[in-house]
2 protein chains.
Amino acid sequence: MVLLTDGVTNVGTAKTAVNLIRYKPEECVAILDPSNAGKTSRDIFGIGNVPIIRALAEGKDANVIAIGIAPAGGKLSPTLRAAILEAISLGMEVLSGLHTFVSDDPELADAARRHNVRIFDVRKNTERDVTQRKNINPQCLRIHTVGHDCNVGKMVVSVEVANALRKRGHDAKFVATGQTGIMIEGDGCPIDAVVADFINGAAEKLVLQNQHHEILLFEGQGSIIHPRYSAVTLGLLHGCMPQGLILCYEMGRDTVYGLDQVKLPSLQKFKDLYELNASTQHPCRVIAIGINGRKFSDAEVEEERKRIEGELGLPAADELRHGADRLAEAVISNRESLLAAK
Amino acid sequence: MVLLTDGVTNVGTAKTAVNLIRYKPEECVAILDPSNAGKTSRDIFGIGNVPIIRALAEGKDANVIAIGIAPAGGKLSPTLRAAILEAISLGMEVLSGLHTFVSDDPELADAARRHNVRIFDVRKNTERDVTQRKNINPQCLRIHTVGHDCNVGKMVVSVEVANALRKRGHDAKFVATGQTGIMIEGDGCPIDAVVADFINGAAEKLVLQNQHHEILLFEGQGSIIHPRYSAVTLGLLHGCMPQGLILCYEMGRDTVYGLDQVKLPSLQKFKDLYELNASTQHPCRVIAIGINGRKFSDAEVEEERKRIEGELGLPAADELRHGADRLAEAVISNRESLLAAK
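Along each chain, the written sequence defines residue order, and numbers are assigned to residues from 1. Whichever chain is written first is A, and whichever ligand is written first is 1; the rest continue in order. With the structure being a predicted model, the display of local features is reserved for residues of pLDDT at least 70 and the display and counting of side-chain atom pairs for 80 or more, all residues being used for whole-chain, interface and lining totals.

> How should helix α7 (residues 199–210) of chain A be read in this particular structure?
Two residues of an α-helix separated by three or four positions point the same way, owing to the 3.6 residues in each turn. Here a helix means four or more residues in a row that DSSP labels H or I, a strand means two or more in a row labelled E, and each is numbered from the N terminus. How far a helix is expected to stretch is found by multiplying one less than its residue total by 1.5 Å. Here α7(A) is twelve residues long and its end C-alpha atoms lie 17 Å apart, about the 16 Å a rise of 1.5 Å per residue gives. Here exposure depends only on C-beta density: within 10 Å of a residue's C-beta, 20 or more other C-beta atoms make it buried, 12 or fewer make it exposed, and intermediate numbers make it partly exposed, the C-beta atoms being placed from the backbone. The complete set of buried residues in α7(A) reads A:I199, A:N200, A:G201, A:A202, A:A203, A:E204, A:L206 and A:V207. Contact between residues is assigned whenever the C-beta positions, reconstructed from backbone atoms, fall within 7 Å. Taken together, the buried residues of α7(A) touch β7 (141–147), β8 (172–175) and α8 (230–240) of chain A together with α8 (230–240) of chain B.

So this is what it looks like as structure tokens:
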């Protein structure tokens, strides 16, 4: 696939591209971004070795064009539209996680029909079920990654901890709830695109579909105080009924991503808010802290790790730097007590 | 209009019909419900004097058919479909607040075209804006009704308090966020039908549209612990940025409506949860308690009122029994301190 980034170089906004490169490196042929042509994904995003190209014709062998950015509101920009139209005319299939459905665009849909290519709108859904709270497997451990903001690494922690648990022989499953996670895992539900009354029910359905696994790692969304996305966060938190939470945050971030005028409270405050809201459904507590230290040195992150472990009395790790063992161990060592809590 | 209740006699499930009779009595010609034909709305719902008819032909002069029930999930039953189809064939317009859009039903839409009648799907919306937190009027007092459950009277409290404030000369506006409220007020947003990522933004938009008024009474939805609808509740709570809350509950209810296995926490716990979650956006506190005592006697409700005022230290009233003066006074007496809170 060729990744479209629409000139975006911010790792947060281009998180779909970044994580496709991280988890599907063998499928990423090139990034289309004329303004950075000649560089690689490592130069721009600090990950992988995917070449950045000026024109689609340079992306040899690619048969899919994937939209690699997640702009607030999820709209289709004119440059994205033009690139998608060209890709379709070259016979490429389209993979999109935008809120604006590519397949609903008359010109693009018509072009796809003419060139006989498929459009996959990952966020398109027909969720219409409400929560029932029946037939929940009490032996399935549900761990949910929550955060102090968007774009702090909740999905990456979920994937890495699930992988680390599987390496230790556990039957762990990453449950994707966002566009990028679904592209990586191949299943899941685009929870932020579900109609309001059915958010909780869509999350509960993911529990019912996956609770034959021993441990679920439920990808979190937004944050419980997020002025834009808190509805998604709470619906998901209540719908997936976690017994345990991993609280994720980015070092150095003190305002809401995209809303600089809104200050973030302390991690302790977030821990309290998540535990209080989650526990109205099911006894639930934070068992570990995921640190995103991408803007800091090894020494700085190590200092932060010690500080936060002391402050909150919980194991903490930057899983991309330290590995996910520490977080996976927290899941295993708390398993019995989390399942036993009433 | 003729109200369709599909045989439902539960006041909660038929709340759209009940509140159209309460606030638009001059427009309600009849209720279509063959199983209760010959009775009146007072016999079934304890309100108004709307005759219940067996067949549409008995609803003389009616030119609108309104769906008066709100089933969980909002789907169109076969009997509702048949009644709507007949109404269309008689030239009546259709007013629906269901999640399943009448205008998306090929047969009904086709019939409407042939008979040249309009279908109004109140929940249909194209909300696609995220919260911006800009240009919020600090002099507009935003009061939000919240509850311990669905169907406890949040909309009625909002309407009654707005009316009581206007009678005292204040420029107060009821801001509708649900299907019934929108049918009554003629504007608002069906917040529970908005796509997840845009719930908070849709509520903020209602603030921006209405903040030229002195006092807004923002209709609440669901409850902050509701297994099904908490996403809607928190998105609305954060989006409308209330400085003050009126906490509404129904006497005698101790489990979630429609989910008997889920117990409701104490009112004190609800007060704490709402204040904690609301205050992450803007300083906010509960200023009064709305009691729904419909299943109890005057003496029992009076005893409950005294008990709850003592317990929570806040004024309380069953607005349909005592009038809304006590609640309106709480708004006025707290106005300065709520606006001054930082």
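That shown, we press on.
> Please clarify how the interface of chain B and chain A should be interpreted in this entry.
Note on interface size: it is often stated as the accessible area lost on association of the parts. Taken residue by residue, the interface counts 36 residues in chain B and 36 residues in chain A. Looking at the side of chain B that touches chain A, the elements that each hand over two or more residues are α7 (199–210), α8, β12 (259–263) and α9 (267–278) of chain B. Here the side of chain B that touches chain A gets six residues from one element, more than from any other, and that element is α8(B). Partitioned by chemical class, the residues of the side of chain B that touches chain A number 19 nonpolar, eleven polar and six charged. When residues are sorted by character, Ala, Val, Leu, Ile, Met, Phe, Trp, Tyr, Cys and Pro go into the nonpolar class, Asp, Glu, Lys and Arg into the charged class, and all the rest, Gly among them, into the polar class.

> What's the story with the relation of the copies chain B and chain A in this structure? I'm lost.
Each copy of the chain is related to the other by a rotation around an axis and a translation along that axis. When chain B is fitted to chain A, the residual RMSD is 0.0 Å, and the transformation amounts to a turn of 180 degrees plus an axial shift of 0.0 Å. Given the turn and translation reported, the copies of this chain are related as if by a two-fold rotation axis. Comparing contact sets, 100% of the residues at the interface of chain B also lie at the interface in chain A, consistent with an isologous, same-surface contact. C-alpha atoms of residues with pLDDT of at least 70 in both copies form the basis for the least-squares superposition of the copies.

> Can you walk me through the sheet that holds strand β7 (residues 141–147) of chain B in this structure?
Within a sheet, neighbouring strands are paired by backbone hydrogen bonds and run either parallel or antiparallel to one another. All names here are of chain B. Pairing in this open sheet of six strands is parallel, and the strands run β8-β9-β7-β10-β13-β14 from one edge to the other. This sheet does not close on itself; its edge strands, each paired only once, are β8 (172–175) and β14 (316–317). Pairing analysis gives four bridges linking β7 to strand β9 (residues 215–218), with the strands arranged parallel. Paired with H144 across the two strands is F218, which belongs to β9. Those strands touched by helix α5 (residues 154–167) are β7, β8, β9, β10 (244–250) and β13 (285–292), and its axis lies near 165 degrees from that of β8. Note: two strands are recorded as paired if DSSP finds a minimum of 2 bridges between them. For helices, the axis comes from a line fit to the C-alpha atoms of the stretch in contact; other axes are also lines fit to C-alpha atoms, and the angle between any two N-to-C directions lies between 0 and 180 degrees.

> Would you explain the environment of A:L314 in this entry?
All names here are of chain A. Examined against the element boundaries, L314 turns out to sit in the loop between α10 (298–312) and β14 (316–317). Linking L314 and V286, residues 28 residues apart in sequence, is a C-alpha distance of 8.3 Å. In contact with L314, not counting residues within four places along its chain, are V286, I287, A288, I289 and E309.

> Whenever I open this one, the pairing of β7(A) confuses me. Can you help?
The side chains of a regular strand alternate, residue by residue, between the two faces of the sheet. Residue and element names in this part refer to chain A. Taking burial as the measure, the seven residues of β7 include seven buried ones, the bulk of the element. Side-chain alternation along β7 places L141, I143, T145 and G147 on one buried face and R142, H144 and V146 on a second face that is also buried. Taken together, the five bridges between β7 and strand β10 (residues 244–250) define a ladder with parallel strand orientation. Within β10, the position partnered with I143 by the bridge is G244.

> So what exactly am I meant to see when it comes to the nonpolar core here?
Taken as a class, soluble globular proteins show a tendency for nonpolar side chains to be buried jointly. Any nonpolar core is a set of buried residues, restricted to Ala, Val, Leu, Ile, Met, Phe, Trp, Tyr and Cys, that join up through C-beta atoms within 7 Å. A:A196, A:I199, B:A196 and B:I199 are the most contacted members of the largest nonpolar core, which has 226 residues in total. In this structure A:I199 touches A:I191, A:V194, A:V232, A:G235, A:L236, A:G239, B:A196 and B:A231, once residues within four positions along its chain are discounted.

> Looking at this structure, how should I read the pairing of β8(A)?
Residue and element names in this part refer to chain A. Burial along β8 is two-sided: A172 and F174 and K173 and V175, pointing in opposite directions, are all buried. Taken together, the four bridges between β8 and strand β9 (residues 215–218) define a ladder with parallel strand orientation. Note that in β9 the partner of F174 across the bridge is L217.

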